[in-house]
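# Chains, contacts and geometry: an overview
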Amino acid sequence: MAVALISIPTAQAQNAGCTVDRMVINRAVQNGEIQSFVQIKKQIKLKRGDRVLRAELCVRPAGPVYALMIVNDNGVERRLNVDAVSGRVIQ
């Protein structure tokens, strides 16, 4: 993994090692380290009525992960983790 992801600023997100800083994420996408959130969103299968409330890029021991907060039409929230390189849902 490149230095840009290793040095993600932790003060910008609730979870240690996570960021919502678009400049950091865009740089990692441009360097080919991860897929863009737009690409990831196309790959994951959200249920009808689901929408993404928040997306963070987190560096985990296994690699970078998009941590998503999903909400459905009934207001029920759930967390979804997606491998930022492959687009595979992790649970």
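Check the entry above for the structure.
I will try to describe carefully the structure that is included in this document. Here the structure is a predicted model, which means the values were calculated and not measured. (Residues numbered from 1 in each chain as written. Predicted model: local features only at pLDDT ≥ 70, side-chain atom pairs only at ≥ 80, totals over all residues. Heavy atoms only, no water.)

Scanning the protein chain from terminus to terminus reveals 3 helices and 5 strands. Secondary structure elements in the protein chain, listed N-terminal to C-terminal, are α-β-α-α-β-β-β-β. Across the 91 residues that make up the protein chain, the buried fraction comes to 37%. For the protein chain, contacts bridging at least 24 residues in sequence account for 39% of all contacts bridging at least 6. Counting every atom, the protein chain has about 5700 Å² of accessible surface; 51% of that belongs to carbon and sulfur. (Helix = DSSP H or I, 4+ residues; strand = E, 2+ residues; numbered from the N terminus. Buried < 20%, exposed > 50% of the residue type's maximum accessible area, 1.4 Å probe, protein only. Contact = heavy atoms within 4.5 Å. Areas by Shrake-Rupley, 256 points an atom, 1.4 Å probe, with all protein chains shown as cover.)

If you look at the biggest cluster of nonpolar residues, it comprises 12 residues: Ile 25, Ala 28, Ile 34, Ile 40, Ile 44, Leu 57, Tyr 66, Leu 68, Ile 70, Leu 80, Val 82 and Ala 84. Counting residues per element, the ones that place at least two in this core are α2 (22-30), β3 (63-71) and β4 (77-83). Ranked by the residues each element gives to this core, the list is headed by β3, at 3 residues. Not counting residues within four places of it along the chain, the set of residues in contact with Ile 70 comprises Leu 46, Asp 50, Arg 51, Val 52, Val 76, Glu 77, Arg 78 and Leu 80. (Core = buried A, V, L, I, M, F, W, Y, C linked by side-chain atoms within 4.5 Å.)

The next subject is the sheet that holds strand β1 (residues 18-19). Read from one edge to the other, the open sheet built from 5 strands follows the order β1-β2-β3-β4-β5, with strand pairing classed as antiparallel. Only two strands of the sheet have a single partner each, and these edge strands are β1 and β5 (89-90). Strand direction decides the pairing type here: β3 and β4, joined by 7 bridges, are antiparallel. Within the sheet, the bridge partner assigned to Tyr 66 lies in β4 and is Val 82. (Pairing = 2+ DSSP bridges.)

This part takes up the pattern of salt bridges. Tallied over the full model, the rule gives 3 salt bridges. Note that Glu 56 is salt-bridged to Arg 54, the shortest N-O span being 3.1 Å. Judged by relative accessible area, Glu 56 falls into the buried class, the value being 2%. With its nearest N and O atoms 3.8 Å apart, the salt bridge here joins Glu 56 to Arg 79. Here Glu 56, found in strand β2 (residues 51-60), pairs with Arg 79, found in strand β4; they are 23 residues apart in sequence, far enough to count as distant. Linked by salt bridges that have partners in common, Arg 54, Glu 56 and Arg 79 make up one network. (Salt bridge = Lys/Arg side-chain N within 4 Å of Asp/Glu carboxyl O.)

Glancing now at the pairing of β2. A regular strand carries its side chains on alternate faces of the sheet. Pairing of β1 with β2 involves 2 bridges; the strand directions are antiparallel. Along β2, the bridge assignment pairs Thr 19 with Leu 57. In terms of strand pairing, β2 meets β3 through 9 bridges, oriented antiparallel. Residue pairing for β3: Val 59 is matched across the bridge by Pro 64. In sequence, β2 turns back onto β3 through a hairpin of 2 residues.

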